[in-house]
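Listed here are the chains, written in short residue letters.
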Amino acid sequence: MQLAASKSWSRSLGYKWFQIRPVRLPHCVSIILVGVIYHCPKATSDDARNSPSVLNYIVNDINSYACQNNMRLNPRKCRVLMVDFLHYNSCVPMPIMVGRSLVEKVPSLKRLGVHVSEDLTWMVHIDWLVKRANRRLFVLRQLRKCGIPPEDIIAIYCALVRSILEYTSAVFADLPKYLDNALEDVQKRALSIMWPDLPYEHMLEKAAIQTLSVRRAAACKQFIRKIRPGHPLYPHIHEQVLHSTTQMCL
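Just so it is clear, the structure is predicted and the values come from calculations on it, not from any experiment.

What counts and what doesn't
Residues numbered from 1 in each chain as written. Predicted model: local features only at pLDDT ≥ 70, side-chain atom pairs only at ≥ 80, totals over all residues. Heavy atoms only, no water. Helix = DSSP H or I, 4+ residues; strand = E, 2+ residues; numbered from the N terminus. Buried < 20%, exposed > 50% of the residue type's maximum accessible area, 1.4 Å probe, protein only. Contact = heavy atoms within 4.5 Å. Areas by Shrake-Rupley, 256 points an atom, 1.4 Å probe, with all protein chains shown as cover. Phe/Tyr/Trp six-rings, centres within 6.5 Å; stacked < 30°, edge-to-face > 60°. Lys NZ or Arg CZ within 6 Å of the ring centre and 35° of its normal. pLDDT = per-residue confidence, 0-100. Core = buried A, V, L, I, M, F, W, Y, C linked by side-chain atoms within 4.5 Å. Patch = residues over 30% accessible without salt bridge, like charges linked within 9 Å, V, L, I, M, F, W, Y side chains within 5 Å. Salt bridge = Lys/Arg side-chain N within 4 Å of Asp/Glu carboxyl O. Axes fitted to C-alpha atoms, helices over the stretch in contact; angles between N-to-C directions. Nonpolar A, V, L, I, M, F, W, Y, C, P; charged D, E, K, R; others polar. Lys, Arg positive; Asp, Glu negative; His and termini not counted. Polar contact = N/O pair within 3.5 Å; in protein donor to acceptor, adjacent residues only side chain to side chain.

1. Topic: the overall build of the chain
Then, in step 1: The helix and strand inventory of the chain stands at nine helices and ten strands.
Then, in step 2: Among the 250 residues that make up the chain, the fraction classed as buried is 34%.
Then, in step 3: Sequence separation of 24 or more characterises 60% of the internal contacts of the chain that already satisfy a separation of 6 or more.
Then, in step 4: Looking at the chain as shown, the accessible area adds up to about 15900 Å², and 57% of this sits on carbon and sulfur atoms.

Next up, the structure:
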């Protein structure tokens, strides 16, 4: 049986987020620290900006708690992702240790199929989606050679290729233009297999589908509509809506 739990701390030096997944074993419970993100926001004083990280102390607290409850952290499955936008930071971050083992520092971390990068951009995630989707275009070409009707190929494209490009699309709905074009180019290549001589707009009409950017925006709106009072995101969404409404009134 697998259990999922999360614990967060907020202190003056920054925000620490841990995600822990205990896996119950026959004689013990092994806790795997699967994600660590440390974010040091812009501070108001030089002392706070250059203060040493307390992340090691927090990891030690978790490790001590695990040992006291007949559990252990697996450092080989732990990762550290540091997010730091300070232009000047004279304090060198100390390596994160679990016991006597060093935790690997990574530039990006994959959780639930979404890549989170240390620069908080979607470049790594979009590149991963494009590569996965491009590998499946071979199936569409083979179906076209076999004489499968275009409408059937479009249905297969939506199931096998577009589903990859739109996985968790509500999370990255507002993409920069160059990343939006990278995703849209995959759909262009897929449609050009059926209609190689038509412009992209005409191919969309014949296939009776929309652009990926339009579908991402619709998915994001649908996700926001489902957020009701009591949802963890409701206070943040409600605050943004009130702020936008106030600006429009002004």
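2. So, the packing of aromatic side chains
Then, in step 1: Counted by the stated rule, this structure contains one aromatic pair.
Then, in step 2: Ring geometry for tryptophan 122 versus phenylalanine 172: centroids 5.9 Å apart, planes at 55°, classification tilted. Of the two residues, tryptophan 122 is situated in the loop between β10 (114-117) and α3 (123-135) and phenylalanine 172 in the loop between α5 (150-165) and α6 (177-192); the sequence distance between them amounts to 50 residues.
Then, in step 3: Judged by relative accessible area, phenylalanine 172 falls into the buried class, the value being 1%.
Then, in step 4: We note lysine 188 situated over the ring of tyrosine 200; from NZ or CZ to the ring centre the distance is 5.2 Å.

3. Quick look at the confidence of the model for the chain
Then, in step 1: For the chain, per-residue confidence averages 77 on the pLDDT scale, and 73% of positions sit at 70 or higher.
Then, in step 2: Below a pLDDT of 50 lies the segment residues 1-47, which in the model reaches 122 contacts outside its immediate sequence neighbourhood of four places, other chains included.

4. A word on the nonpolar core
The nonpolar side chains of soluble globular proteins are, as a tendency, buried together.
Then, in step 1: In this structure, Ile126, Leu140, Leu183 and Leu191 are the most contacted members of the largest nonpolar core, which totals 28 residues.
Then, in step 2: Going through the elements one at a time, α3, α4 (137-145), α5, α6 and α7 (200-207) are the ones with two or more residues in this core.
Then, in step 3: Per-element tally for this core: the top contributor is α5, with six residues.
Then, in step 4: Here leucine 191 is in contact with Ile154, Tyr200, Met203, Leu204, Ala207 and Ile209, once residues within four sequence places are set aside.
Then, in step 5: Within the second largest apolar cluster, twelve residues are counted, among which are Val59, Val80, Met82 and Val103.

5. Some details on a nonpolar patch on the surface
Then, in step 1: Taken together, Phe138, Val139 and Leu160 make up a surface patch of nonpolar side chains, about 250 Å² in accessible area.
Then, in step 2: Positionally, phenylalanine 138 belongs in helix α4.
Then, in step 3: Looking at phenylalanine 138, the relative accessible area reads 52%, which means it is exposed.

6. Details of the pattern of salt bridges
Then, in step 1: Under the defined criterion, the tally for this structure stands at five salt bridges.
Then, in step 2: Note that aspartate 185 is salt-bridged to lysine 188, the shortest N-O span being 3.9 Å. Placement of both aspartate 185 and lysine 188 in helix α6 is noted, with a separation of three residues, approximately one turn of the helix.
Then, in step 3: By relative accessible area, lysine 188 is classed as partly exposed at 34%.

7. Structural notes on the packing of α6 against helix α8 (residues 212-225)
Then, in step 1: Between α6 and α8, whose axes approach to 9 Å, the crossing angle comes to 115°. Where α6 abuts α8, its residues Asp180, Leu183, Glu184 and Gln187 lie against Leu212, Ser213 and Arg216.
Then, in step 2: Tallied by class, the residues present in the contact of α6 with α8 amount to two nonpolar, two polar and three charged.

8. Section: the side chain of glutamate 184
Then, in step 1: Relative to the helices and strands, glutamate 184 is located in helix α6.
Then, in step 2: The side chain of glutamate 184 is buried and forms no salt bridge, while arginine 216, the nearest opposite charge, is found at 5.2 Å.
Then, in step 3: Of note is the side chain of glutamate 184, whose polar atom sits 3.1 Å from the backbone nitrogen of leucine 212.
Then, in step 4: Beyond its immediate chain neighbours, meaning those up to four positions away, glutamate 184 contacts Tyr200, Thr211, Leu212 and Ser213.

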